[in-house]
Amino acid sequence: MKKQDFFNLEAVEAMDRVDGRLKVTGAARYSAEFPIPKLTYGVLATSTIASGKIQSLDTKKAERAPGVLAVISHFNAPKIPGYSEGSNPAKGATTKGQPLRIFSDDIIMFYGQPIALVVADTLERAQFAAGQISAQYQKADFQTDFDGNVSHADYPAQAKNRNSTGDYVRGEVDAYKKAPVKIEAEYVIPTEVHNPMELQSIIAVWDAADKVTVYDKTQSLKGAQGTIAQAFKIPAENVQVVATYVGGAFGNALRTWPHEIAAVMAAQKVGRPVKLVVNREQMFTMVGYRPYTWQKVSLGATADGKLVGISHEVIGQTSAYEEFTEGTVNVSKFLYACPNVNTSYKILPLNVSTPTWMRGPGEASGAFALDCAMDELAYQLNLDPIELRLRNHADIDPERNLPWSSKYLKECYQEAAQRIGWFKRNPKPRSMQSEDGMLVGYGMGTGSFSAGRSAATASIQMSADGTYTIQCATTDIGPGTATAMVQIASDVLQVPADKIKFQLGNSSFPKAPSQGGSSTVSTVGSAVTAVCVSLKQKLAALAAGQGESAAVKPADLVFENGKISSKDQSINISYTDVLKKHSLPSLDATEESRAGAERQKYSFYSFSVHFVEVHVHPATGQVRVKRVVSCADAGKIINQKTAGSQVIGGAIGGIGMALMEEAIMDNRFGRYVNNNFADYHVPVHADIPHIDAVFIDKKDPYINPMGSKGVGEISLIGMAAAVANAVFHATGKRVRDLPITPDKLI
Ligand code: MOS
């Protein structure tokens, strides 16, 4: 096959979303929207204490309420067969290290924990009945106050069980202490909640005694399939998971949560399909959040700004029943060249539900601290923050001691700095003012995230009419996966994009990993490439087999514009004519693709830089973000438009993280007081300026056939630091605890 150099993609690189019209007209069907016959509605009632036991539950009124089919609680819940497994089955939900085992015992570990599920024939009747349930508790002491409990933080048992703390040391511990210039600073990130527009939802339908279909909001079809199969002790292939569209998730649908198990259990019990939608308030306690995190970053440098030591300590919040850990310290190990690095990661269990990855996840939290500290160091050294980063640029991965597969971070600094006019600023804090009297500040931050690739399988079917259907059990939480996959297939097959359909969101399709960690284009795109190449090989074999030019080898054929030809033109035939000649109604292929030995030879990361201009009101402390330039090295960009939307969305998330987002705990009750969209602030349109999303757009030579790295996480990682650093430049005030609300600036 001649045309080896795919993925130039000029013709299609800003293609509109293949499902855009369906989404904006309401035709796209989300998990709660499937019209299932005989549907019933489940509503969860939740605990109003943070720790203790349920003494009694009065469900009589609820049971007698109109339309109610069942009230399920630990008193009457069917046993979940998979719950009997684990290290301490007798203890049920309280088994340390196990996910919450919904309705398996009377123990309450956080405020908002499900205590009962009402199933009724309408949503309103279920809601009414759920409000009729009253619980009596035996209360126990509880802790939800992170700041007041930091002394109880400890290494995760999962690390200690391996006979190690998980501490990372390169070179000498705390080498920063001996450096001529040093800074030590503590940073706090409060609990943030993913809060996608679409609520978490599931419809569970038992098709037979051992067969269930779930229309489930998930990023992981195979994850949900496996978890449900394991819980109900049925074969995985008997669990069908459908997630055709996902209305945002940001990480909170990466795992399968207790409400999903509850819906499947309830559908079995009432013998009818059950729909369960987690309401906005419950989104704060049932589907994870970014954990409250304390960090201390200490940097030591020579007088000319060479890092000699980095120390990064982290304490992250977790629940009383599971240990959640994430990569908060990762970034300090590889982002800057530094001979001595030590990191430590501890967790603090509180009476809260279990956190989970939220966009960028730990790396976004860690990058906030590291890149704010770098800014502090730059000011102490009287050095431009970009210059400090250039002097400590890591030419190879200092953690793994491997060359980067590709790295255009310097180009990102250059490009973004030019665009925002960085070099025209007066570097002195509180030195710039706008015409309307606002304090003006510029700040920057760096993002980086592992450019992953794992295994996925795709299938393709070519029809006689020249249309192509590709299937893969991936999901699309918003980045436009189907669009990018159609573009990749179009490029490899050399047929127009409108002839190709990419189907995702069904566990019966060939297997793919979760959509997470910015690796879908890399992983699934590689499988799509492989299956398209495989189809072309089949077409080539059929075409070359045509008697008149058996001398032509399939490998010498050229594919262009839906046609196969040989150099001497003895073969010149359209793909569809190949099928016609062989009387084939269709042609299929299935291929798996996975990363190979290159993973041991190179270090794969995406990089980004964010530059921000803020205006701060000198009297009220109100911060307005006036301009954003984000530049990303994410390898080859398949679609400028959808990838650009990722960058814009990430920047908005970063502005929210920097200035607004905070789930506020009332420690008297262990309850969030702002668990709604009126009080939990995310940026709205009026908060967001024009965001300039720029790509270096150069292929990574090793990662995958497309040369594409991931873009989702690096859009957010480093953004909150850029805003905080800009606020410092504007005001001369270092705010190290997010969000930077006006009260912290006056
Ligand atoms: Mo992302 S936090 O991997 O959905």
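All of these numbers come straight from a predicted model, not from anything done at the bench. (Residues numbered from 1 in each chain as written. Predicted model: local features only at pLDDT ≥ 70, side-chain atom pairs only at ≥ 80, totals over all residues. Heavy atoms only, no water.)

1. Some points on the overall build of the chain
Summing up its helical and strand segments, the chain has 16 helices and 29 strands in all. With respect to the principal axes defined by its C-alpha atoms, the chain has extents near 85 × 75 × 55 Å. Here the chain, with 746 residues, has 61% of them falling under the buried criterion. Looking at the chain alone, contacts between residues at least 24 apart form 80% of all its contacts between residues at least 6 apart. In the structure as shown, the chain presents an accessible area of about 28,400 Å², 51% of it carried by carbon and sulfur atoms. When the 76 positive and 74 negative side-chain charges of the chain are each reduced to one mean point, those points stand 2 Å apart. (Helix = DSSP H or I, 4+ residues; strand = E, 2+ residues; numbered from the N terminus. Buried < 20%, exposed > 50% of the residue type's maximum accessible area, 1.4 Å probe, protein only. Contact = heavy atoms within 4.5 Å. Areas by Shrake-Rupley, 256 points an atom, 1.4 Å probe, with all protein chains shown as cover. Lys, Arg positive; Asp, Glu negative; His and termini not counted. Charge placed at Lys NZ, Arg CZ, Asp CG, Glu CD.)

2. Some words on the sheet that holds strand β11 (residues 239-242)
Think of a sheet as strands paired side by side through backbone hydrogen bonds, with each pair either parallel or antiparallel. One open sheet holds the seven strands; their spatial order is β3-β5-β1-β12-β9-β10-β11, and the pairing between them is mixed. Unpaired on one side and paired on the other, β3 (68-73) and β11 mark the two borders of the sheet. Here the average twist between neighbouring strands, direction ignored, is 20°. Judged from the five bridges that link them, β3 and strand β5 (residues 114-120) form a sheet pairing that is antiparallel. Among the inter-strand pairings, valine 68 is bridged to a residue of β5, identified as alanine 120. In this fold helix α3 (residues 123-130) packs onto β1 (40-46), β3 and β5, with an angle of close to 25° to the strand it touches most, β1. Together, β1, β3, β5, β9 (201-208), β10 (211-216) and β12 (274-277) form the strand contacts of helix α6 (residues 258-270), whose direction differs from that of β9 by roughly 40°. (Pairing = 2+ DSSP bridges. Axes fitted to C-alpha atoms, helices over the stretch in contact; angles between N-to-C directions.)

3. Comments concerning the sheet that holds strand β22 (residues 563-565)
Within the open sheet, the three strands sit side by side as β21-β22-β23. Their pairing is antiparallel. At either end of the open sheet lies a strand with only one pairing partner, and these are β21 (558-560) and β23 (572-574). Along the sheet, successive strands turn relative to each other by an average axial angle of 25°, direction set aside. One ladder, built from three bridges, connects β21 with β22; its direction is antiparallel. Bridge assignment links valine 558 to a residue of β22, and that residue is serine 565.

4. So, the layout of surface pockets
Size it by volume and the second largest pocket reaches roughly 400 Å³. Around the second largest pocket, the lining comprises 19 residues; the ones closest to its centre are Val18, Asp19, Ala482, Lys501 and Phe502. Every element with two or more residues in the lining of the second largest pocket is listed here: α11 (481-493) and β20 (500-503). For the lining of the second largest pocket, the element with the highest residue contribution is β20, accounting for four residues. When the residues that make up the lining of the second largest pocket are grouped by side-chain class, the tally is 11 nonpolar, two polar and six charged. (1 Å grid on protein atoms, 1.4 Å probe; cavity = no way out; pocket = protein on both sides within 12 Å on 5 of 7 lines; lining within 4 Å. Points joined across faces, edges and corners; volume = space filled by probe spheres on them. Nonpolar A, V, L, I, M, F, W, Y, C, P; charged D, E, K, R; others polar.)

5. Let's talk about the confidence of the model for the chain
Confidence in the prediction of the chain, expressed as mean pLDDT, is 95, and 96% of residues score 70 or more. Confidence metrics for the complex model read pTM 0.96 and ipTM 0.98. (pLDDT = per-residue confidence, 0-100.)

6. Comments concerning the environment of phenylalanine 559
Relative to the helices and strands, phenylalanine 559 resides in strand β21. As for phenylalanine 559 and threonine 475, which are separated by 84 residues in sequence, their C-alpha atoms are 30 Å apart.

7. Things to note about the pattern of salt bridges
By the definition in use, this model includes 24 salt bridges. Notably, a salt bridge pairs aspartate 375 with arginine 734, separated by 2.7 Å at the nearest N-O pair. Taken together, the positions of aspartate 375 in helix α8 (residues 361-381) and arginine 734 in the segment after α16 (719-731) put the pair 359 residues apart, joining distant regions of the chain. We note that aspartate 375, like arginine 734, is buried. Between lysine 709 and aspartate 633 there is a salt bridge, and its shortest N-O distance comes to 3.1 Å. Of the two residues, lysine 709 is situated in the loop between β29 (691-695) and α16 and aspartate 633 in strand β26 (residues 623-633); the sequence distance between them amounts to 76 residues. Judged by relative accessible area, which is 0%, aspartate 633 ranks as buried. A single salt-bridge network, built from bridges that share partners, covers Glu415, Arg419 and Asp692. (Salt bridge = Lys/Arg side-chain N within 4 Å of Asp/Glu carboxyl O.)

8. Quick word on the pairing of strand β17 (residues 439-450)
Within β17, 11 of the 12 residues are buried, which leaves it mostly tucked inside the rest of the structure. In textbook terms, the turn of a hairpin is the stretch between consecutive antiparallel strands, and for strand β16 (residues 432-433) and β17 this stretch comprises five residues, one of which, glycine 437, has a positive phi near 85°. Note: β17 against strand β25 (residues 605-616), 12 bridges, orientation antiparallel. Counterpart to threonine 446 in the pairing with β25 is valine 609.

9. Some thoughts on the side chain of serine 608
Structurally, serine 608 can be placed in strand β25. Among the polar contacts listed, one links the side chain of serine 608 to the side chain of histidine 610, at a separation of 3.3 Å. Residues within four places of serine 608 in sequence aside, it is in contact with Leu409, Gly445, Thr446, Gly447, Cys631, Ala632, Ile714 and Ile717. (Polar contact = N/O pair within 3.5 Å; in protein donor to acceptor, adjacent residues only side chain to side chain.)

10. With respect to the side chain of glutamine 225
Mapped onto the secondary structure, glutamine 225 falls in helix α5 (residues 221-232). You can call glutamine 225 buried: its relative accessible area is 10%. Separated by 2.9 Å, the side chain of glutamine 225 and the backbone oxygen of valine 239 make a polar contact. Here glutamine 225 is in contact with Ala236, Glu237, Val239, Val241 and Ser507, once residues within four sequence places are set aside.

11. Here we look at unusual backbone geometry
The omega torsion across leucine 738 and proline 739 is -5°, close enough to zero to call that bond cis. Summarising the element assignment, proline 739 is placed in the segment after α16. Located in the positive-phi region is glutamine 494, a residue other than glycine, with phi close to 65°. Assignment of secondary structure puts glutamine 494 in the loop between α11 and β20.

12. A word on the packing of aromatic side chains
Summed over the entire model, instances satisfying the criterion amount to 18 aromatic pairs. With a centroid separation of 6.4 Å and 40° between ring planes, the pair formed by tyrosine 605 and phenylalanine 607 is classed as tilted. Of the two residues examined, tyrosine 605 and phenylalanine 607, each falls in the buried class. Feature note: the residues Phe334, Trp404, Tyr605 and Phe607 constitute an aromatic cluster, connected by ring pairs. The ring of tryptophan 422 carries arginine 425 above its face, with NZ or CZ at 3.9 Å from the centroid. A cation over a ring is seen here: lysine 536 above phenylalanine 559, with NZ or CZ 4.8 Å from the ring centre. (Phe/Tyr/Trp six-rings, centres within 6.5 Å; stacked < 30°, edge-to-face > 60°. Lys NZ or Arg CZ within 6 Å of the ring centre and 35° of its normal.)

13. Digging into α3
Of all the residues in α3, the buried ones are Ala126, Ala129 and Ala130. Buried residues along α3 cover an arc of 100° about the axis, so they all sit on one side. (Arc of directions from axis to C-beta.)

14. Observations regarding the nonpolar core
Grouped together as the largest cluster of nonpolar side chains are 79 residues, with contacts concentrated most on Leu299, Phe368, Leu377, Phe611, Val612, Val614 and Leu659. Leucine 377 has contacts with Val181, Ile183, Leu299, Ala301, Leu307 and Leu388, leaving out every residue within four places of it along the chain. Of all hydrophobic cores here, the second largest spans 46 residues; its members include Ile80, Val241, Ala243 and Val246. (Core = buried A, V, L, I, M, F, W, Y, C linked by side-chain atoms within 4.5 Å.)

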